[in-house]
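Listed here are the chains, written in short residue letters.
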Amino acid sequence: MFTSLNSRALAVSLCIFMAFLLVWHLATQSGGPVQQMDPEYAKLMGLTATKGTSAMPGPLDVAAKIWEHIKSPFYDRGPNDKGIGIQLAYSIARVMAGYLIAVMVALPLGFLIGMSPMMSKALDPFIQIMKPVSPLAWMPLALYTIKDSSISSIFVIFICSVWPMLINTAFGVASVRKEWINVARTLEVRPLRKAFTIILPAAAPTIFTGMRISIGIAWLVIVAAEMLVGGTGIGYFVWNEWNNLSISNVIVSILVIGVVGMILDQILAFFARKVTYPE
Amino acid sequence: MSQVSEASTNIQSDERFISIEGIARHYPAPGGDRTTIFQNVWFSVKRGEFCCVIGHSGCGKTTVLNMLAGLELPDEGVNIVDGKAIEGPSLDRAVIFQSHALLPWRTVLGNVAYAVASRWPAWKREQINDHARKYIKLVGLAGSEFKRPSELSGGMKQRVGIARALSIEPKMMLMDEPFSALDALTRGSLQDEVRRICLDTGQSTFMITHDVDEAIYLADKIVLMTNGPGAMVAEIVDNPLPRNRDRINLHKLPDYYAVRNHLIDFLVTGSKIFRDNIPVGYDPRRPPVVRPAAPAPATPGDRKAA
């Protein structure tokens, strides 16, 4: 039955998952010591102190919470109580906006840098200094100049996803095989046609690798950015639920962020496979 | 009157269809000097002629070919094809690259069609594909049109390269050791096909090779280059074998061993010592033309004496 590698791996995955759920369940089950106190004071102290139950939810609480969210993902009861679907939609929209602007800037600029050794040298110091800056460090500057928190987080997404795409595009374009360029030269191919029919397809796998790294970073950064600027988005949702001390919701958010990140990565991986050519 | 002069220029351009006139390549060397790879190279190729260049690695053969292709320009001298100096790459001169240089993201048909579409940009898609298919069939790859280069063997890839070069109907073909990466059997059958195609289409061909037998089988004229740096054309061997030779009986032709020994002697010793023993009367502008031939058959009297 467990002959193929995949089925054995699946069995091990399920075992690990079950064991994890079991340990989690047992760890959150046992009650701590109960203290005697004034009822008024007990209200302030919460269930941990009065009944000994942990504020850390068990797997069943989280499952119930997930079901709750699945039933109504898009409810809107005012600024501090929106469905997780709405929050995700805000985050994804910001990531897409920042990411697409980054694509529009990084690909042409990367082409220029890759084609021209002079431009490559000229722009290198700027790239080397700007690349290691944490994207969140741009936030105050963005807030001051743009004066809009939502657009500022889009800008932060742009600035964090532009570097891997730029560097990979430049590298991919610069390392197109000489012989393919020579084919185009002997066929007297015009520069624009050469760019689209030789250099772009030759560099596409490298470009998509950069785009895949970028979408990963963008999704990491949006959570942090939204925690900072607040208002809407999955990052804000996490922080808001922490302030509400709803650990269940925080755990659900972590799961959702992970799943969405994986989907984004797989979409880019799909396109990367489409443009990869075997040699 | 004008007719006469026209005829004479035609003869001129047929006799010296490709004319290599005093070309040189220098590289800067450490210490401000320069290294000369080759210099004062002169020779010409007739229209419809198959010309091979033989020489050791480093003598600049590939550079000469790249200059004819227009991918590089000489530091001195000029290359003239069909009466025009070469100033850059041209669709008139097709190159078959040593490493086949197919575009791996395109199919066989896509690779050939890319060249056809570059040659005739105004053509419709169907016309381009029909033309490409014709040349794919010519090199014996009909049925493989939609394969990608990664699915082809080395010999098939090189066939696609040949089809791509022929499809643009060039005035001449330039081949840079096109068969050196192939196994002996594949190489043999591809040489047969290249020879057939070149004879059928009357192509002028310039080919670089390391392989003496390949040169003897294919070439009308074999240019011998001495070792670099400072390489030069030692001599030009006029292939004495009949034009309608075939591979199987090649080694039975009377002059075969004379040519072969001459070439091998040159590669083993001549290419090294030529520079130090330049023959009297050697003129780089007119390298000596040699036509090796078998010694006259020995008479019965001679044999007795021996």
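See above for the structure.
Since we're looking at a predicted model, the values are computed, not measured.

(A) Representation of the overall build of chain B. Counting its regular elements, chain B contains nine helices and eleven strands. Taken against the 2.2 N^0.38 rule, which gives 19 Å for 306 residues, the C-alpha radius of gyration of chain B at 21 Å falls within 12% of a compact globule. In terms of principal-axis extent, the alpha carbons of chain B reach across some 70 × 55 × 55 Å. In chain B, which comprises 306 residues, the proportion classed as buried is 52%. In the structure as shown, chain B presents an accessible area of about 14400 Å², 53% of it carried by carbon and sulfur atoms.

(B) Structural view of the pairing of strand β2 (residues 34–45) of chain B. Bridge analysis of strand β1 (residues 18–28) of chain B against β2(B) gives nine bridges, and the strand direction is antiparallel. In the sheet register, B:E21 faces β2(B), and the bridge partner there is B:W42.

(C) Examining the interface of chain B and chain A more closely. Each partner contributes to the interface: chain B provides 21 residues, whereas chain A provides 17 residues. For the pair chain B and chain A, the two sides together bury roughly 1800 Å², of which 66% comes from carbon and sulfur. If you sort the residues of chain B by the area they bury against chain A, B:L71, B:W105 and B:Y114 come out on top, with a joint share of 34%. Where chain B touches chain A, the interface holds six residue pairs in polar contact (both at pLDDT 80 or more). Examining the composition of the side of chain B that touches chain A, we find that four residues originate from one element, helix α3 (residues 108–119) of chain B, more than from any other. When its residues are assigned to classes, the side of chain B that touches chain A shows 14 nonpolar, five polar and two charged.

(D) Highlighting the side chain of A:T197. Of note, A:T197 is situated in helix α10 (residues 191–229). The buried category is assigned to A:T197, whose relative accessible area is 16%. Within the structure, the side chain of A:T197 is placed 2.7 Å from the side chain of B:Y114, a separation counted as a polar contact. Look past the residues within four positions of A:T197 in its chain and what remains in contact with it is B:W105, B:R106 and B:Y114.

(E) Representation of unusual backbone geometry in the model. Although it is not a glycine, A:K147 sits at a positive phi angle of roughly 60°. The backbone phi angle of B:N40 is positive, close to 55°, even though this residue is not glycine. Structurally, the position occupied by B:N40 is in strand β2. Residue B:N40 is classed as partly exposed on the basis of its relative accessible area, which comes to 37%.

(F) Main features of the environment of A:T206. All names here are of chain A. Structurally, T206 is set in helix α10. For T206, a relative accessible area of 22% corresponds to the partly exposed category. For T206 and S134, which are 72 residues apart along the polypeptide, the C-alpha to C-alpha distance reads 24 Å.

(G) Here's a closer look at the pattern of salt bridges. Residue and element names in this part refer to chain B. Tallied over the full model, the rule gives 22 salt bridges over all chains. We note a salt bridge from R286 to D283, for which the minimum N-O separation is 3.1 Å. According to the relative accessible area criterion, R286 is exposed, its value standing at 60%. Taken together, the shared-partner salt bridges connect R47, D82, D92 and K171 into one network.

(H) Quick peek at a nonpolar patch on the surface. All names here are of chain A. A grouping of L100, I101, M104, V105, L109 and L112 is seen on the molecular surface, where their side chains present a nonpolar patch of about 500 Å² in accessible area. Within the secondary structure, L109 is located in helix α5 (residues 84–115). For L109, a relative accessible area of 32% translates into the label partly exposed.

The rules behind the values
Residues numbered from 1 in each chain as written. Chains lettered and ligands numbered in written order. Predicted model: local features only at pLDDT ≥ 70, side-chain atom pairs only at ≥ 80, totals over all residues. Heavy atoms only, no water. Helix = DSSP H or I, 4+ residues; strand = E, 2+ residues; numbered from the N terminus. Rg over C-alpha atoms; globule rule 2.2 N^0.38 Å. Buried < 20%, exposed > 50% of the residue type's maximum accessible area, 1.4 Å probe, protein only. Areas by Shrake-Rupley, 256 points an atom, 1.4 Å probe, with all protein chains shown as cover. Pairing = 2+ DSSP bridges. Contact = heavy atoms within 4.5 Å. Buried area = accessible area lost by both parts, 1.4 Å probe. Polar contact = N/O pair within 3.5 Å; in protein donor to acceptor, adjacent residues only side chain to side chain. Nonpolar A, V, L, I, M, F, W, Y, C, P; charged D, E, K, R; others polar. Salt bridge = Lys/Arg side-chain N within 4 Å of Asp/Glu carboxyl O. Patch = residues over 30% accessible without salt bridge, like charges linked within 9 Å, V, L, I, M, F, W, Y side chains within 5 Å.

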